[in-house]
Structures are given as structure tokens and as C-alpha cells.
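Reading the structure
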Amino acid sequence: MTAGAMTSTGIRTTNLPSGEPVPVLGQGTWGMGEDLSRRASEIAALRLGIDIGMTLIDTAEMYAGGGAEQVVGEAIAGRRADVFLVSKVLPHHATRRGTIAACEASLRHLDTDRLDLYLLHWRETTPLDETLEAFQALVRDGKIRYWGVSNFDVDDMEELVAIPGGTEVATNQVLYNLTRRGIELNLLPWCRRRKMPIMAYSPIEQGRLLKKRALARVAARQDATPAQITLAWVLRHPDVIAIPKASDLDHVRENRGALEIQLTGADLADLDRAFPPPAKPVPLEMI
């Protein structure tokens, strides 16, 4: 399957550097697993997402101290082969030994024998070559299929790919939405040159974007919701994967509907006026 192709459920795909296609619209889990009273609805939402093609699920050991991974594990029970599963190691676990132990803990939480993609959540003081050694060992042992990073700016990426084996990085997961456009100047082009997709977290800025008038105008023209417009805007790039979180069934369906929206030149111009692209480089943002 080539980039831009469709899955059997009609979701567009993009390719990892290996050539493997993955859906451009997945499911995030930040905030899941924190409240037992929401567990059943979170599991149902993730299962519906899988049913309608959002088979890439992103989680992390940090989320609810492994609680989100446990929710995902329940949601994918009996359906592991249908899912492209992503988790992340915290930087203070990112030594060679610590990364392997953290991965094994995540696998237990998720009740699976492998991750499709394992990311360094952000970098701190552990040398990158040490984390990379652990990733390579996990690949050799069949515990992860690919590895990548999160919250890396261009200088971090340059440092990474200079390490032997560093060019095997599969993705960089970063904050990207209408109000966080800094990656468009340097980081997105850098990744694009290497045929490496970006994963966009918080594509709706955790809901804070949704009351903007410009979004309401475009949404009215498109007969869509503001949330769908923000997602469609992120997904206008063929090589960006969005991972919005949804904890109820209607929200899952709303997110899926964003893929049906084709923003016009007038729509994009209106959004650029309301949310100007960066005029000069800005440091990579995180939330």
C-alpha cells in the first residue's frame, strides 16, 4: 500500500520510512485511565475507533502511571492484530537498562508481546546513544518493531541521526495545531526530506481552539464542527498523523468525519489570517 492509499475502512494512510503504511488519523489516550468511572466509556470509544479504521493507538507509560496503557490493553483484547500500537518511555527511564525495563512494563500493562512503535517521550540528560542501544536491543528481541522520538526539534534530530543507527528513527511526535505552527518552518521540512512522518499530538489544543470565530465560519461553510475543521487542517498534509483523544462514541465519530473534509483555498486563507504561520523560527513547543 502506498502513501495516500486507503485502508479497507476508507482511512487515508501515510508511510513510515520502512514503507509500512499507517492511518493518518489515530487515537490518543492522554487523560485516559485516571478515573475508574470513565473506564467503560474509554474502552468503548477506543473499540469504536478501531471498528471505523482509526487503528493507530498512541499511549505512554506516563499517562495515569500506566493506567492508560491498561485501558488500551482491555480495548484491544482479541484484536491486537488489527492495531498499530504506540507507547513511550519517560526520559528518566531512558538508560539502556531502564528503557528495556520500561518497555517490558508497558507490554504487561497492554497485555501484548510487542509494540509496533516505541518513542522516547522527550529528552533530558541520558545520552541518546544509550537510549538508541536499548531500542535496537528491543527490536532484535521482537519486543518493538520500530522506534522513534517525541518533542525533538531539528537540532535534536540532527544529533540523533549522526549516531550509528540513528537514521532508523521512524517518526517524531510533536505538538502541532493551528496555534502551534512553528514546526512548519524547519522541523516539518526536515522530516519530509527524510520521508519520515510527523505525529501531531493535541491537534485541537485540548479543546481550547474551538471557540475561535474563524473556525466557526469555516465550519459553517463546510457543514462541519470546529473540531473537525481543526483536524482537517492538520491532516491537509499527506505525511502528518493526528492522534486526537476521544472518550465517548459521538466524539470518536466526529473525529473520523474530519477525514471527509476538503478545505478550500478560501478556507485555508481564512485560517491563515486568524492563525498566522510563523514568520521566523520559534523553539519547539510542548504541553
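Here's a quick rundown of the structure. (Residues numbered from 1 in each chain as written. Predicted model: local features only at pLDDT ≥ 70, side-chain atom pairs only at ≥ 80, totals over all residues. Heavy atoms only, no water.)

1. A word on helix α7 (residues 213-222)
Taken together, the buried positions of α7 are Ala214, Leu215, Val218 and Ala219. With its buried residues spanning 130° around the axis, α7 presents them on a single face. Structural note: α7 exposes Arg213 and Ala220 on the side pointing more than 90 degrees away from its buried face. At its buried positions, α7 is contacted by α8 (226-234) and α10 (265-274). Remark: Asp223 follows α7 within two positions and exhibits a positive phi of approximately 55°. (Buried < 20%, exposed > 50% of the residue type's maximum accessible area, 1.4 Å probe, protein only. Helix = DSSP H or I, 4+ residues; strand = E, 2+ residues; numbered from the N terminus. Arc of directions from axis to C-beta. Contact = heavy atoms within 4.5 Å.)

2. Describing the side chain of Asn151
Within the fold, Asn151 resides in the loop between β6 (144-150) and α5 (154-161). Only 2.9 Å separates the side chain of Asn151 from the backbone oxygen of His121, close enough to count as a polar contact. In this structure the side chain of Asn151 is engaged in a polar contact, spanning 3.3 Å, whose partner is the side chain of Ser150. If we ignore the near neighbours within four places in the chain, the residues touching Asn151 are His121, Trp122, Asp156, Asn172, Gln173, Val174, Tyr201, Leu284, Glu285 and Met286. (Polar contact = N/O pair within 3.5 Å; in protein donor to acceptor, adjacent residues only side chain to side chain.)

3. Description of the sheet that holds strand β7 (residues 172-175)
Strand pairing in a sheet relies on backbone hydrogen bonds. The paired strands run either parallel or antiparallel. Taken in spatial order, the 7 strands line up as β3-β4-β5-β6-β7-β8-β9 in an open sheet, and their pairing is parallel. Of all strands in the sheet, those bounded by a partner on one side alone are β3 (56-58) and β9 (240-242). The mean inter-strand angle of the sheet, taken between neighbouring strand axes irrespective of direction, is 30°. Here β7 pairs with strand β8 (residues 198-201) via 4 bridges, running parallel. Bridged to Leu175 within β8 is Tyr201. (Pairing = 2+ DSSP bridges. Axes fitted to C-alpha atoms, helices over the stretch in contact; angles between N-to-C directions.)

4. As for the nonpolar core
Core analysis: the biggest nonpolar cluster contains 81 residues, and Tyr118, Met157, Ile229 and Leu271 have the highest contact counts within it. Excluding its chain neighbours within four sequence positions, the residues that come into contact with Tyr118 are Ser87, Lys88, Val89, Thr99, Ala102, Cys103, Phe135, Leu138, Ile144, Tyr146, Trp147 and Gly148. Leu56, Phe84, Leu175 and Ile243 belong to the second-largest nonpolar core, a separate cluster that totals 14 residues. (Core = buried A, V, L, I, M, F, W, Y, C linked by side-chain atoms within 4.5 Å.)

5. Structural notes on the packing of helix α1 (residues 39-51) against helix α9 (residues 249-257)
In contact at an axis separation of 9 Å, α1 and α9 are set at 30° when each is read in the N-to-C sense. In terms of orientation, α1 lies roughly parallel with respect to α9. Seen from above, α1 lies across α9 with right-handed handedness. Here Ala44, Ala45, Leu48 and Gly49 of α1 lie close against α9, whose contacting residues are Leu249, Val252 and Arg253. (Parallel < 35°, antiparallel > 145°, perpendicular 65-115°, else oblique. Left-handed = near helix turned anticlockwise from the far one by under 90°.)

6. Some thoughts on the pairing of strand β4 (residues 84-89)
For a regular strand, side-chain orientation follows a simple rule: the groups alternate between the two sheet faces. Of all the 6 residues making up β4, 6 are buried; the element is thus mostly covered by neighbouring parts of the structure. The alternating pattern of β4 places Phe84, Val86 and Lys88 and Leu85, Ser87 and Val89 on opposite faces, both of which are buried. The pairing of β3 with β4 spans 3 bridges and is classified as parallel. From the neighbouring strand, Asp58 faces β4, where its bridge partner is Val86. A crossover connection joins β3 to the parallel β4 through helix α2 (residues 67-75); in handedness this β-α-β unit is right-handed. (Right-handed = clockwise from strand over helix to strand, strands pointing away.)

7. Considering the packing of aromatic side chains
Counting across every chain of the model gives 5 aromatic pairs. Between the aromatic rings of Trp30 and Tyr63, the centroid separation amounts to 6.2 Å while the plane-to-plane angle is 10°, which identifies the pairing as stacked. Of the two residues, Trp30 is situated in the loop between β2 (21-23) and α1 and Tyr63 in the loop between β3 and α2; the sequence distance between them amounts to 33 residues. With a centroid separation of 5.5 Å and an interplanar angle of 20°, the aromatic rings of Phe135 and Trp147 are classed as stacked. Note that Phe135 is positioned in helix α4 (residues 128-140) and Trp147 in strand β6, a separation of 12 residues in sequence. You'll find Phe135 and Trp147 in the same group, each marked buried. Ring pairing ties together the aromatic residues Trp30, Tyr63 and Tyr201, which thus form one cluster. Cation over ring: Arg194 sits above Trp190, and NZ or CZ is 3.7 Å from the ring centre. (Phe/Tyr/Trp six-rings, centres within 6.5 Å; stacked < 30°, edge-to-face > 60°. Lys NZ or Arg CZ within 6 Å of the ring centre and 35° of its normal.)

No statement about biological role is implied by the geometric values presented.
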